[in-house]
Amino acid sequence: MAAVGKRRITYDARGLAEPFADVPKISEIDGERARFDAKELTTRTINLELRWLLYEMGVKEVEIDNPGSRHSLGVGILTRCKITFNGSLGYFGCGLIDGPEIHITGRVGWSACENMMSGVVVVDGNAGSLTGAALRGGDLVVKGRVGARSGVDQKGGTIIILGSAGSMTGFMMQRGRIVICGDVGPGLGDSMYDGTIYVAGKVASLGIDCVPGEWTDADTELLERKFRIYGLGSPPEFQKLVCGKQLYNYDSLEPAEKKLVI
Amino acid sequence: MCGIAGIIYRDGSQHPIGDEMTRMLQSMKHRGPDSTGYALYGSPENGNLIMRYKLADANTARDFEFEDRLHRHRFEVESRLAALGARIHEVEEETPYAFRVSFAYDGDLKLLADFVEDIPEAEVLSLGRTLEIVKDLGDAETVHEQYGLSSFTGTHAIGHVRMATESEVDIAGAHPYWAYPYSDVAVVHNGQLTNYFMWRRRLERAGRRFMSECDSEIIAVYLAQEMSEGATLEEAMRTSLDELDGVFTYIAVTKDELGVAKDELAAKPLVLYESEDLVAIASEEIAIRAILEREIDTYDPYEREVLVWQR
């Protein structure tokens, strides 16, 4: 038998992974900074270590080596801090966060930064599908390409993609901005309610009710500011796409309210 | 959900792919713990054909006559091979119900497969000069140990961990599927096909047989049908994008090619790592990292992409 499955993970009857794991406490802590190697740790112990540092040891800056593309790392961090992952993350990385500034030097898998409330996430590599799904606020910068359905159901914040994006980007987005410097696949902004999409490359096809919008000075200001903050150089020429509001045929009143009006 | 993985060494050099595929599949166990399957391409044995077949399942009811029946059916398979003029070189009994036979034979493969499968409960899992399909219930480590895959070396392989959604948990429902009756072609699939019955009826009328109720079997048989009409693997995979309906990411392999196709919604995941000597693909990057310890650059192919690599 080869060295198969070096990391043994236990599950309880409910399917929870490692319900009784202890905080490994292996970090080198130097004042408000800390660093640890995640190579021999499991997903749960990495997250336990991270939370222990941020919430109990008063650390403000954490560096994590060898995340090894594991899923669900750095999720649910609700404090202002700086986190650097030296490597790639798997699925659901940095989801449900509120406040941190996160730098990932590798790539991320599907559903990175899902439901992020605020903060900044910069990914140096590529990202999988559903990047920034249901994003509520903050900035998400992907320097490579992203998969399909990025910014699906986005409700705020800004997603900046330097590479190309796949099909159905901005599907059903409700607010916020998606900035794509490369090309985009078919069905861009399909059934979007609101929000703005900026594209510098070619658009394979627009989705239903996604239409070109009128460029204003506020758009120029926003793009220049965001590009300046993240050191991305001067922004290329973008086209602006918004919701055509042709699908706005639902009633804004609840049935009970409607009765009162009539 | 299901997880799929594939690996091909582009220079055609021999590697311990049995071990490597096990590490890839075991790291994706959470995507499907029901059954695990491998399609491995070893080195040819002096032009012999290799047939993997099974006569029962790990969870078949063991009645009083079970062992006796297995024995009789196994004898029947070997005598039918001999009757068709095949010269059996070696028979390996890997589990009490699954066997590997190597034999010299240059006749019609469909005839041979049909003749063997005519025996009750017999199913040919794979037939080819280098292809060997190994599949059984349990996770990758279980199947690896049961079938002694650590000694398997070869040039390319695909694998599958299954979370059964629409057909039984048994060996017939496990992937990979052999492209009956086309030698050395196999397929693994993650997704659901919605025009399964239409294609099944169509292919059955064309004389193809189906051993399971699993929608993924369609892909293998469909590719076999297209390739028997002269299409290359890549051409067959491209036409499949229009002809198969549903959500899918599938990997197809032949004796010297490995190809991957994604549906037009890009609904099922795939991560691709490509270097000069190796291509590795999997549903999750964690599976590729199970065989490559270092940091690597990977990306997700887009919708309607068909990519094929040769060794």
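J.: Please set out the overall build of chain B residue by residue, giving values where relevant.
T.: Summing up its helical and strand segments, chain B has eight helices and 15 strands in all. Its C-alpha atoms give chain B principal-axis dimensions of roughly 55 × 40 × 40 Å. Restricting the contact set of chain B to residue pairs at least 6 apart, pairs at least 24 apart contribute 72%.

J.: Mind laying out the overall build of chain A, listing which residues take part and the relevant values?
T.: Across its full length, chain A carries three helices and twelve strands. Referenced to the eigenvectors of the C-alpha coordinate spread, the extents of chain A come out at roughly 60 × 50 × 45 Å. Burial status across chain A gives 44% buried among its 262 residues. Long-range contacts, defined here as pairs at least 24 residues apart, represent 24% of the contacts in chain A between residues at least 6 apart.

J.: Please set out unusual backbone geometry residue by residue, giving values where relevant.
T.: Residue and element names in this part refer to chain B. Cis geometry marks the peptide bond from histidine 175 to proline 176, where omega comes out at -5 degrees. Relative to the assigned elements, proline 176 resides in the loop between strand E8 (156–162) and strand E9 (177–178). That bond from tyrosine 180 to proline 181 is cis: its omega, -5 degrees, falls within 30 degrees of zero. Relative to the helices and strands, proline 181 is located in the loop between E9 and strand E10 (186–193). Positive phi, close to 65 degrees, is recorded for glutamate 121, a residue that is not glycine.

J.: If you had to explain the interface of chain A and chain B to someone new, which residues and values would you point to?
T.: Each partner contributes residues to the interface: chain A has 25 residues there, and chain B has 21 residues. Tallied by class, residues from the side of chain A that touches chain B come to six nonpolar, 16 polar and three charged.

J.: Any chance you could break down the packing of helix H6 (residues 217–228) of chain B against helix H7 (residues 233–243) of chain B for me, citing the residues and the numbers?
T.: Residues and elements named next belong to chain B. Direction vectors running N to C along H6 and H7 enclose 125 degrees, while the axes themselves pass 9 Å from each other. The orientation of H6 relative to H7 falls into the category oblique. The two elements H6 and H7 cross, and the hand of that crossing is right-handed. Facing H6, whose interface residues are Ile219, Tyr222, Leu223, Glu226 and Met227, H7 presents Leu233, Ala236, Thr239 and Ser240.

J.: Outline the sheet that holds strand E4 (residues 82–86) of chain A, listing residues and values.
T.: Residues and elements named next belong to chain A. With respect to topology, twelve strands assemble into an open sheet ordered E1-E2-E3-E4-E5-E6-E7-E8-E9-E10-E12-E11, the strand pairing being mixed. Two strands in the sheet have a free side with no partner beyond their single neighbour: strand E1 (28–30) and strand E11 (210–212). The average undirected angle you get between the axes of adjacent strands in this sheet is 15 degrees. As paired strands, strand E7 (residues 139–142) and strand E8 (residues 155–161) are joined by four bridges and run parallel to one another. Bridge assignment links leucine 140 to a residue of E8, and that residue is isoleucine 159.

J.: Quick rundown of the confidence of the model for chain B? Include the residues and the values.
T.: The predicted model of chain B has a mean per-residue pLDDT of 94, with 100% of residues at 70 or higher. For this predicted complex, the interface score ipTM comes out at 0.90, alongside a pTM of 0.93.

J.: Report on the domain arrangement of chain B, specifying residues and quantitative values.
T.: Residues and elements named next belong to chain B. Looking at the assigned domains, one finds that chain B contains domain 1 (3–43 + 130–310) and domain 2 (44–129). Relative to domain 2, the C-alpha centre of domain 1 lies at a distance of 23 Å. Contacts between the two partners involve 23 residues from domain 1 and, on the opposite side, 19 residues from domain 2. Among the elements that line the side of domain 1 that touches domain 2, the one with the most residues is strand E7 (residues 131–137), at seven residues.

J.: Kindly report on the sheet that holds strand E11 (residues 246–253) of chain B, identifying the contributing residues and their values.
T.: Residues and elements named next belong to chain B. Taken in spatial order, the five strands line up as E9-E10-E11-E12-E15 in an open sheet, and their pairing is antiparallel. Of all the strands in the sheet, just E9 and strand E15 (306–310) have a single pairing partner and so form its edges. With five bridges connecting them, strand E12 (residues 257–262) and E15 associate as antiparallel partners. Across the sheet, the residue bridging to alanine 261 is valine 306, located in E15. Most of the contacts of H6 go to E10, to which it runs at about 125 degrees, and overall it touches E9, E10 and E11.

The rules we used
Residues numbered from 1 in each chain as written. Chains lettered and ligands numbered in written order. Predicted model: local features only at pLDDT ≥ 70, side-chain atom pairs only at ≥ 80, totals over all residues. Helix = DSSP H or I, 4+ residues; strand = E, 2+ residues; numbered from the N terminus. Contact = placed C-beta atoms within 7 Å. Buried ≥ 20, exposed ≤ 12 C-beta atoms within 10 Å, placed from the backbone. Nonpolar A, V, L, I, M, F, W, Y, C, P; charged D, E, K, R; others polar. Axes fitted to C-alpha atoms, helices over the stretch in contact; angles between N-to-C directions. Parallel < 35°, antiparallel > 145°, perpendicular 65-115°, else oblique. Left-handed = near helix turned anticlockwise from the far one by under 90°. Pairing = 2+ DSSP bridges. pLDDT = per-residue confidence, 0-100. Domains from an automatic or database assignment.

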